[in-house]
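Listed below are the residues making up each chain.
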Amino acid sequence: DGMRDYYKSMAEQSDMEFADFLQEYMGMDEATFETQAVSVAQSTLDQELYLRAIAEEEEIGLTDEEYQQGAEKYAADYGMSTVEELEEIGRASCR
């Protein structure tokens, strides 16, 4: 739902219906979008689990300070005003 919500928001910002936005900017209908969204979500989850397993095996981690610094930079790079905004978008994309 997070990915769908994101693109619905993009359609609204473009003053377009969701189906029209998908067709115009992504060249697909809603059924194709849903199929691809599931595929992307599964791929992202697989990558996340793989990276977590490597980090755990290699005892790689971030301090809270390192996380905060990286998150602040990432948020600023993508035009977000706070780390909380970045984290909320991250949570929403996982729903």
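Higher on the page you've got the structure.
Residues numbered from 1 in each chain as written. Predicted model: local features only at pLDDT ≥ 70, side-chain atom pairs only at ≥ 80, totals over all residues. Heavy atoms only, no water.

Draft legend 1. Spatial organisation of a nonpolar patch on the surface. Where nonpolar side chains cluster on the molecular surface, the patch consists of Tyr 50, Leu 51 and Ile 54 and spans about 320 Å² of accessible area. By the secondary structure assignment, Leu 51 is in helix α3 (residues 30–57). (Patch = residues over 30% accessible without salt bridge, like charges linked within 9 Å, V, L, I, M, F, W, Y side chains within 5 Å. Areas by Shrake-Rupley, 256 points an atom, 1.4 Å probe, with all protein chains shown as cover. Salt bridge = Lys/Arg side-chain N within 4 Å of Asp/Glu carboxyl O. Helix = DSSP H or I, 4+ residues; strand = E, 2+ residues; numbered from the N terminus.)

Draft legend 2. A look at the pattern of salt bridges. One pass over the structure, following the stated rule, counts 4 salt bridges. For Glu 30, the salt bridge identified is with Arg 4, shortest N-O distance 3.0 Å. Taken as a pair, Glu 30 in helix α3 and Arg 4 in helix α1 (residues 2–13) lie far apart in primary sequence, 26 residues in all. One salt bridge in this structure joins Lys 73 and Asp 77, with 2.8 Å as the shortest N-O distance. Taken as a pair, Lys 73 and Asp 77 lie in helix α4 (residues 64–77) at a separation of 4 residues, close to a single helical turn. With a relative accessible area of 53%, Lys 73 lands in the exposed category. (Buried < 20%, exposed > 50% of the residue type's maximum accessible area, 1.4 Å probe, protein only.)

Draft legend 3. Broad picture of a negative patch on the surface. A cluster of acidic residues, Asp 15, Glu 17, Asp 20 and Glu 24, forms a negative patch on the protein surface. In this structure, Asp 15 sits in the loop between α1 and α2 (18–26). Look at Asp 15 and you get exposed, because its relative accessible area is 72%. (Lys, Arg positive; Asp, Glu negative; His and termini not counted. Charge placed at Lys NZ, Arg CZ, Asp CG, Glu CD.)

Draft legend 4. Structural view of the packing of α1 against α2. The contact between α1 and α2 brings their axes to 9 Å, and the two run at 90°. It follows from the interaxial angle that α1 and α2 lie roughly perpendicular. Residues Arg 4, Tyr 7, Lys 8, Met 10 and Ala 11 of α1 form the contact with α2, whose participating residues are Phe 18, Phe 21 and Met 26. Each residue belonging to the contact of α1 with α2 can be placed in one class, and the counts come to 6 nonpolar, no polar and 2 charged. (Axes fitted to C-alpha atoms, helices over the stretch in contact; angles between N-to-C directions. Parallel < 35°, antiparallel > 145°, perpendicular 65-115°, else oblique. Contact = heavy atoms within 4.5 Å. Nonpolar A, V, L, I, M, F, W, Y, C, P; charged D, E, K, R; others polar.)

Read these as geometric descriptors, not functional statements.
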